[in-house]
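# Coordinate inspection notes
If you want the building blocks of each chain, they are given just below.
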Amino acid sequence: MIAKTFELGPGYTISRVIRGGWQLAGGHGAIDRGQAVADLIATFDAGIWTYDCADIYTGVEELIGAARLRLASERGLDVAAKMKVHTKLVPDLERLAGISRDYIRGIVDQSLRRLKTERIDLVQFHWWDYEQPRYVEAMGWLNELRLEGKVRNLGTTNFDTPRLAEILAAGIPLVSQQLQYSVLDQRPANSLAALARQNGVNFLCYGSVAGGFLSDKWLGAAEPAMPLENRSLVKYKLIIDDFGGWDLFQQLLRALKAVGDRHGVDIATIASAWVLEQPRVAAVIVGARNQAHALANAKIMDIALDANDRAKIEAVIAQSQGPLGDVYTLERDRHGRHGSIMHYNLNAGRT
């Protein structure tokens, strides 16, 4: 059995499964606010007491803030203090050239209000365009807010190896990077893991179930035709194509199913457990649409893969063709297959 907690920074411990917030944002269907708060608390009770959100996830910071207030009122401040909340700061593409200290401070203050807290546990910084070179300066402004006590820890999201090295060389005390990592996508291992090891940075991983593709639902299913149901499925179908196509993907699902059957869990649980075993991985970020999903996700922390399990999975991965390159490089090409589906200005009109 793997450890169920991880010390991400000095004196700062998280659960190794993190409840993702993207599925609660706009564009994923109607949200029942009361039920959403109850589900967030059920996640906490299941042993997943770390939450991920973002300034650009419409309404999600407010929902998590409401869940923390309810925990405090019903169970006391000590219980509520165990809830750890990570948010992201994602400056709009159109604002990068003129980014300012006040802009950064304004987004952090907005998140503090929404989350109903005086200090954010972790702020993870994202930057859309490296041709706009002020990301190191912006991280310096975020570090000022850490020194003021508004932010406890700093992290990055989707930076490649050379740019992460720049930020670290500037003396910014990063504890983490959030990135995509799965049995389909091992780009973090190409070069970033070595830099992270040298600097004490750990990975918080999204995409471990590839938007739901890594699940029993897709085992034996015919390859879906475009357009797919939502942007998330489009995104991860492109990753499947880069991995080696639908037939190799089905071979991977069969391997994961065989391992899952031995452990009495489903494909998605094994896929996430595999990610948790990779070097520099502190936690996986998984979505949950209801309380049942939260309980299932907690089982990820109960799985201990053995050598035979790993061999089955690695045998299929060894046949893969990609995706190639550094972290998020494909997604940064705004005219390419991956980048053309991204939304770049989601903070516009923020309040």
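Structural data are supplied above this passage.
So, a few notes on the structure that sits alongside this text. (Residues numbered from 1 in each chain as written. Predicted model: local features only at pLDDT ≥ 70, side-chain atom pairs only at ≥ 80, totals over all residues. Heavy atoms only, no water.)

Turning to the overall build of the protein chain, a few remarks are in order. Helix and strand content of the protein chain: 13 helices and ten strands. The C-alpha radius of gyration of the protein chain comes to 19 Å, within 12% of the 20 Å expected for a compact globule of 351 residues. Viewed in the frame of its principal axes, the protein chain has a C-alpha envelope of about 50 × 50 × 40 Å. Burial status across the protein chain gives 56% buried among its 351 residues. Looking at the protein chain alone, contacts between residues at least 24 apart form 76% of all its contacts between residues at least 6 apart. By element, 50% of the accessible surface of the protein chain is carried by carbon and sulfur atoms, the whole surface being about 14200 Å². (Helix = DSSP H or I, 4+ residues; strand = E, 2+ residues; numbered from the N terminus. Rg over C-alpha atoms; globule rule 2.2 N^0.38 Å. Buried < 20%, exposed > 50% of the residue type's maximum accessible area, 1.4 Å probe, protein only. Contact = heavy atoms within 4.5 Å. Areas by Shrake-Rupley, 256 points an atom, 1.4 Å probe, with all protein chains shown as cover.)

A few words on the nonpolar core. Formed by 117 residues in total, the largest nonpolar core has its most connected members in Ile104, Phe125, Leu142, Leu184, Phe213 and Leu214. In terms of residue count, the dominant contributor to this core is helix H9 (residues 246-263) (eight residues). Look past the residues within four positions of Leu214 in its chain and what remains in contact with it is Ser182, Val183, Leu184, Ser208, Val209, Phe249, Leu252, Leu253, Leu256, Ile267, Ala268 and Ala271. (Core = buried A, V, L, I, M, F, W, Y, C linked by side-chain atoms within 4.5 Å.)

Here we take up the side chain of Glu61. Looking at where Glu61 falls in the secondary structure, it is placed in helix H2 (residues 60-75). Given the relative accessible area of 0%, Glu61 is considered buried. Separated by 2.7 Å, the side chains of Glu61 and Ser111 make a polar contact. Within polar-contact distance, the side chain of Glu61 engages the side chain of Arg114 at 3.0 Å. Dropping the residues within four chain positions of it, Glu61 is found in contact with Cys53, Ala54, Asp55, Thr87, Ser111, Arg114 and Leu115. (Polar contact = N/O pair within 3.5 Å; in protein donor to acceptor, adjacent residues only side chain to side chain.)

This part is about unusual backbone geometry. Residue Met226 is joined to Pro227 through a cis peptide bond whose omega torsion reads 0°. Relative to the helices and strands, Pro227 is located in the loop between strand E9 (202-206) and helix H8 (231-243). Backbone torsion omega between Gly322 and Pro323 reads 0°, so that peptide bond is classified as cis. Here Pro323 lies in the loop between helix H12 (307-317) and helix H13 (329-332). Positive phi outside glycine occurs at Lys116, with the angle close to 55°. Mapped onto the elements of the fold, Lys116 is located in the loop between helix H4 (101-115) and strand E6 (120-125). Among the residues examined, Lys116 registers a relative accessible area of 42% and is labelled partly exposed. The residue Tyr328 is not glycine, and still its phi comes out positive at about 65°.

Quick look at the pairing of E6 now. Burial of E6 is extensive: six of the six residues sit out of reach of the surface. Inspection of the sheet shows strand E5 (residues 84-89) paired to E6 by four bridges, in the parallel sense. Residue pairing in the sheet places Thr87 in a bridge with Val123 of E6. This β-α-β element, E5 to H4 to E6, shows right-handed connectivity. Inspection of the sheet shows E6 paired to strand E7 (residues 151-157) by five bridges, in the parallel sense. Looking at E7, one finds that Ile120 is bridged to Val151. The parallel pair E6 and E7 is bridged by helix H5 (residues 135-148), and the resulting crossover is right-handed. (Pairing = 2+ DSSP bridges. Right-handed = clockwise from strand over helix to strand, strands pointing away.)

Okay, helix H6 (residues 161-169) next. Burial in H6 covers these residues: Thr161, Leu164, Ile167 and Leu168. Within H6, the buried residues cover an arc of 120° as seen down the axis, which keeps them to one side. Two residues or fewer past H6, Gly171 is found with a positive phi of approximately 85°. (Arc of directions from axis to C-beta.)

Before going further, it helps to examine the pattern of salt bridges. Applying the stated criterion to the full structure yields 22 salt bridges. Linking Lys257 and Asp261 is a salt bridge whose minimum nitrogen-to-oxygen distance equals 3.3 Å. Residue Lys257 and its partner Asp261 are located together in helix H9, separated by four residues, close to a single helical turn. Since its relative accessible area comes to 28%, Lys257 is described here as partly exposed. (Salt bridge = Lys/Arg side-chain N within 4 Å of Asp/Glu carboxyl O.)

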